[in-house]
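Now for the letters of each chain:
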Amino acid sequence: MIQEAIFHVPYGAYAYSLSPHHARITLRAKRGDLKACYLVHSDRYEVPDIYETVRLSFSGSDELFDYFQATIESKTRRIRYRFLLDDGVKRLWYGEQGFASDLESSGCFQLAYLCTRDLYSVPEWVNDTVVYQIFPDRFWNGDPANDPEDVCEWGELPTAATFFGGDLQGIIDRLPYLEKLGVNLIYMTPIFLSPSTHKYDTTDYFSMDPMFGDMDTIKSLVKEAHARGIRVMLDAVFNHCGADFAPFRDVVEKGAKSRYVDWFHLREVPVDMKKINYETFANGVATMPKLRTENPEVKKYLLQVAEFWVKEVGIDGWRLDVANEVDHAFWREFREVVRAANPEALIIGEVWHDSSPWLQGDQFDGVMNYLFREAVVEFFAKRTIDAEAFDSRLTKTRMMYKEQANRAMFNLLGSHDTARFLTVCGEQEERMRLAVTFQMTYVGMPEIYYGDEVGMTGETDPDCRRTMIWDEEKQNKDMLKLHQDLIAIRKQHSALQTGSYRTVIKDPLTNLYGFVRENGQESIFVVLNNSPRSQKAAIPGGASGTDLLTGKKHSGELVLKPYGAKILLLQ
Ligand code: ARE
Ligand code: CA
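These numbers were taken from a predicted model, which means no experiment stands behind them.

## Overview of the coordination of the calcium ion (ligand 2)
The protein atoms that coordinate the calcium ion (ligand 2) are Asn-141 (OD1), Asp-143 (O), Asn-146 (OD1), Asp-147 (OD), Gly-165 (O) and Asp-167 (OD), at distances of 2.3 to 2.7 Å. Seen from the calcium ion (ligand 2), its 6 donor atoms lie at angles of 61 to 164°, and the figure they make is irregular. Exposure remark for Asn-141: the relative accessible area of 18% places this residue in the buried category. Residue classification places Asp-143 among the partly exposed positions, given a relative accessible area of 28%.

## Overview of the domain arrangement of the protein
If you check the domain split of the protein, you get domain 1 (3–118), domain 2 (129–241 + 304–495), domain 3 (242–292) and domain 4 (498–570). Domain 1 and domain 3 are separated by 51 Å when their C-alpha centres are compared.

## Focus on the site of ligand 1
Every one of the 16 residues lining ligand 1 counts as a neighbour, but Asp-321, Glu-350, His-353, Asp-417 and Asp-461 are closest to it. Note that an oxygen atom of ligand 1 is positioned 2.9 Å from one of the side-chain N or O atoms of His-416. Within the side chain of Asp-417, an N or O atom sits 2.5 Å from an oxygen atom of ligand 1. If ligand 1 stood free it would expose 950 Å²; the protein chains cover 63% of that surface. A class-by-class count of the residues in the shell around ligand 1 yields 6 nonpolar, 4 polar and 6 charged. Shared between two domains, the shell around ligand 1 holds at least three residues of each, these being domain 2 (129–241 + 304–495) and domain 3 (242–292).

## Brief notes about the side chain of Asn-127
Among the structural elements, Asn-127 can be located in the loop between strand S10 (109–111) and strand S11 (131–134). Asn-127 gets classed as buried once you look at its relative accessible area, which sits at 9%. A distance of 2.9 Å separates the side chain of Asn-127 from the side chain of Arg-407, its partner in a polar contact. Once you skip the residues sitting within four places of it in the chain, Asn-127 turns out to touch Arg-407, Arg-490, Gln-497 and Thr-498.

## Observations regarding the packing of aromatic side chains
Counted under the stated rule, the structure contains 53 aromatic pairs. Ring geometry for Phe-58 versus Phe-68: centroids 5.9 Å apart, planes at 65°, classification edge-to-face. Remark: Phe-68 occurs in strand S6 (residues 65–73) and Phe-58 occurs in strand S5 (residues 57–61); sequence separation between them is 10 residues. Exposure remark for Phe-58: the relative accessible area of 48% places this residue in the partly exposed category. Taking 5.2 Å as the distance between ring centres and 65° as the angle between the ring planes, the aromatic pair formed by Phe-390 and Phe-438 counts as edge-to-face. With Phe-390 in helix H9 (residues 387–400) and Phe-438 in helix H12 (residues 429–441), this pair connects stretches of sequence that are 48 residues apart. Accessibility assignment for this pair places Phe-390 and Phe-438 in one class, buried.

## Examining the pattern of salt bridges
Tallied over the full model, the rule gives 32 salt bridges. We note a salt bridge from Asp-452 to Arg-420, for which the minimum N-O separation is 2.7 Å. In this pair, Asp-452 is assigned in the loop between strand S20 (445–449) and helix H13 (477–492) and Arg-420 in the loop between strand S19 (410–412) and helix H11 (421–424), connecting sequence segments 32 residues apart. For Asp-452, a relative accessible area of 4% translates into the label buried. Look at Arg-420 and you get buried, because its relative accessible area is 0%. One salt-bridge network, held together by shared partners, links Asp-235, Arg-319, Asp-321 and Glu-350.

## Remarks on the packing of H12 against H13
Viewed as axis vectors pointing N to C, H12 and H13 meet at an angle of 15°, and their least axial separation amounts to 9 Å. Judged by the inter-axis angle, H12 sits roughly parallel to H13. The interaxial crossing formed by H12 with H13 has right-handed handedness. Two secondary-structure elements touch here, H12 through Glu-429, Met-432, Arg-433, Val-436, Thr-437, Gln-439, Met-440 and Thr-441 and H13 through Asp-478, Met-479, Leu-482, His-483, Leu-486, Ile-487 and Arg-490.

## A closer look at the sheet that holds strand S23 (residues 523–529)
The 6 strands are arranged S21-S22-S23-S28-S25-S26 in an open sheet whose pairing can be described as antiparallel. Each end of this open sheet is capped by a strand with a single partner; those strands are strand S21 (500–506) and strand S26 (553–555). Neighbour to neighbour, the strand axes of the sheet diverge by 30° on average, direction disregarded. Direction of pairing for strand S22 (residues 512–518) relative to S23: antiparallel, over a ladder of 7 bridges. In the sheet register, Phe-515 faces S23, and the bridge partner there is Val-526. In the packing of H9 onto the sheet, contacts are made with S21 and S22, and the angle to S21 comes to roughly 165°. H12 contacts S21, S22, S23 and strand S28 (565–570) of the sheet and is inclined by roughly 160° relative to S23.

## Digging into the packing of helix H6 (residues 296–311) against helix H7 (residues 328–341)
In contact at an axis separation of 9 Å, H6 and H7 are set at 30° when each is read in the N-to-C sense. Overall, the two elements H6 and H7 adopt an arrangement that is roughly parallel. When you trace H6 past H7, the crossing you get is right-handed. On the side of H6, the interface is formed by Lys-299, Leu-302, Leu-303, Ala-306, Glu-307, Val-310 and Lys-311, while H7 contributes Phe-330, Glu-333, Phe-334, Val-337, Val-338 and Ala-341. Its residues assigned to classes, the contact of H6 with H7 comprises 9 nonpolar, no polar and 4 charged.

## Topic: the nonpolar core
By size, the foremost hydrophobic cluster in this structure holds 140 residues, and its most contacted members are Tyr-132, Met-188, Ile-218, Trp-318, Phe-334 and Phe-438. Among the elements that line this core, the one with the most residues is helix H8 (residues 370–381), at 9 residues. Judged by nonpolar contacts, the second largest core, of 23 residues, contains Ile-6, Cys-37, Leu-56 and Phe-109.

## Let's talk about H9
What sets the pattern is the α-helix's 3.6 residues per turn: residues three or four places apart point alike. Counted at 1.5 Å a residue, the expected span for H9 with its 14 residues is 20 Å, and the 20 Å between its end C-alpha atoms agrees. The set of residues buried in H9 consists of Ala-387, Phe-390, Asp-391, Ser-392, Leu-394, Thr-395, Thr-397, Arg-398 and Met-399. Sitting at the head of H9, Asp-386 places a side-chain oxygen 3.0 Å from the backbone nitrogen of Glu-388.

## Some details on the environment of Val-222
You can see Val-222 is positioned in helix H4 (residues 215–227). With a relative accessible area of 4%, Val-222 lands in the buried category. For the pair formed by Val-222 and Tyr-11, sequence separation is 211 residues and the distance between their alpha carbons is 39 Å. Once residues within four sequence positions are removed from consideration, Val-222 is found in contact with Val-232, Val-313, Gly-314 and Ile-315.

## Focus: empty space enclosed by the protein
As enumerated under the stated definition, the model contains 2 cavities of 30 Å³ or more in all. Of the volumes computed, that of the largest cavity is approximately 70 Å³. What lines the largest cavity is simply Asn-369, Phe-372, Leu-394, Thr-397, Arg-398, Tyr-401, Asn-406, Met-409, Tyr-442 and Val-443. The leading source of residues in the lining of the largest cavity is H9, at 3 residues.

What counts, and at which threshold
Residues numbered from 1 in each chain as written. Chains lettered and ligands numbered in written order. Predicted model: local features only at pLDDT ≥ 70, side-chain atom pairs only at ≥ 80, totals over all residues. Heavy atoms only, no water. Donors = N, O, S within 2.8 Å, 3.2 Å for Na, K, Ca; no water. Tetrahedral: all angles 85-135°; square planar, octahedral: opposite > 155°, others 65-115°. Buried < 20%, exposed > 50% of the residue type's maximum accessible area, 1.4 Å probe, protein only. Domains from an automatic or database assignment. Near = heavy atom within 4 Å. Polar contact = N/O pair within 3.5 Å; in protein donor to acceptor, adjacent residues only side chain to side chain. Areas by Shrake-Rupley, 256 points an atom, 1.4 Å probe, with all protein chains shown as cover. Nonpolar A, V, L, I, M, F, W, Y, C, P; charged D, E, K, R; others polar. Helix = DSSP H or I, 4+ residues; strand = E, 2+ residues; numbered from the N terminus. Contact = heavy atoms within 4.5 Å. Phe/Tyr/Trp six-rings, centres within 6.5 Å; stacked < 30°, edge-to-face > 60°. Salt bridge = Lys/Arg side-chain N within 4 Å of Asp/Glu carboxyl O. Axes fitted to C-alpha atoms, helices over the stretch in contact; angles between N-to-C directions. Parallel < 35°, antiparallel > 145°, perpendicular 65-115°, else oblique. Left-handed = near helix turned anticlockwise from the far one by under 90°. Pairing = 2+ DSSP bridges. Core = buried A, V, L, I, M, F, W, Y, C linked by side-chain atoms within 4.5 Å. Expected span 1.5 Å × (residues − 1). 1 Å grid on protein atoms, 1.4 Å probe; cavity = no way out; pocket = protein on both sides within 12 Å on 5 of 7 lines; lining within 4 Å. Points joined across faces, edges and corners; volume = space filled by probe spheres on them.

Encoded structure:
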């Protein structure tokens, strides 16, 4: 047994509550080392100790490690536990004191009490949600009366500064399209008053940008979307404001005399926008001064903003811009305020990397899952990693997080900050079709970047922000139909929403990849042939099943076309 590789801690993603009476326990070991792994647990006050033993199930592997997991029930909510590990040669106890040949000397890990207040709760509705991201200036111009003077022709290529006149009325007008597509959560990039086309440099957090509409327009968008079963989420840019934000203007004008000097991270007073002697977003973006969220006044102001749009306008959640550069204490209070305003509101951080510090249950529900995107880009679009490496990446990311967070991820193929997926695929559509099939059947919320579903292309910002293609002749109808079909399947089958994930095929030579999602009710087998050759795949357990895309029945072996995929509901 490679003892050095065995890892468990009684916190974080390794030990946590799934419900007031259920805990999920994870143990990591060197890949291939353990044959069996048991969890021995009891109430932490029980004398004499009466143990219950459960076998942990194998949950996947990454490059170096295997992961084993168990969910245990505790009536008293007070748990002590240790592991019994078996590598086929020797059996060892493993607990807080380390390894031992007898149970007593290993010591116990403790989950002292599964406190309800600490339970990681994400809104139930994430399970059947499919997200649609909109860049408002580029989706549809529903009201030419509010256009800025210099709007470009719909269809022209965008620069970083161009305006196209898209607005919230345009989104309202296109709700029937979105409903037909099947998406049920719209996430819009910022819509508050701001001079830029992307509006990440806020001038006033309490007012709508007039080129997008007014308070009535956003309220009717929320109302009409809700009437169609579609939720609405906005972008909270709290790391920084815009240069026209009144407190920053005041500091620029009054220098040390301004009552807002402590609202920003100033290196010198007076502020000099040419010298950029203050902290900003990224490297010296002068028009985006960084806010001092630890200042109680700034915090109070931003929390009022957070509450206002949820409570008064009825939005269903926030996406948090540059979330990893704002302090944790701020986000903890943010969660309290937002959840008090609407207990069902969703909170998604923008963090491109390991997001564990924000995903313990006290800050965000999920994040924009760029780690997912990277794995999908490399396996399906660029084909630079094989099926085994792909599976390792996915497992590693899934094991970083608690199950609640995994279900609340925004699983995206692209965004307004990346090249479009079809472009990354070198416009080879079959690769994208495979990736979308995977996205719609994986753990977490699929997130579509507007226009990807009709085959839009574009390099990174600003080219990925072209105007939406509405001319049906120019839309890729097969791609659209695939999205509609897959979204419908996702929303109909609970196993794809909350089921466990078990890899069954990950062949590095053929790049055949298959997995099973199952809950108590149903079991679904998904197999993806990421190769230019036709390939055969065995249905797990020799079962038979119905292809959810075609309705055809299959048994024994499946034949997959080059870059073909099947989603089988197993009998
Ligand atoms: C503009 C130009 C760009 C130029 C940039 C640099 O358009 O071509 O590269 O300036 O000065 C908004 C606008 C952008 C604008 C930017 C600055 O949408 O068009 O860019 O403001 O004016 C990191 C952050 C992440 C951030 C990305 C962009 O961690 O939070 O960079 N994303 C959010 C929004 C953006 C928005 C802002 C932040 C600012 O989603 O749209 O930009 O409010 C690696 C790193 C990541 C990094 C990522 C992308 O993976 O690890 O940390 O994300 O690459 O660069
Ligand atoms: Ca307009």
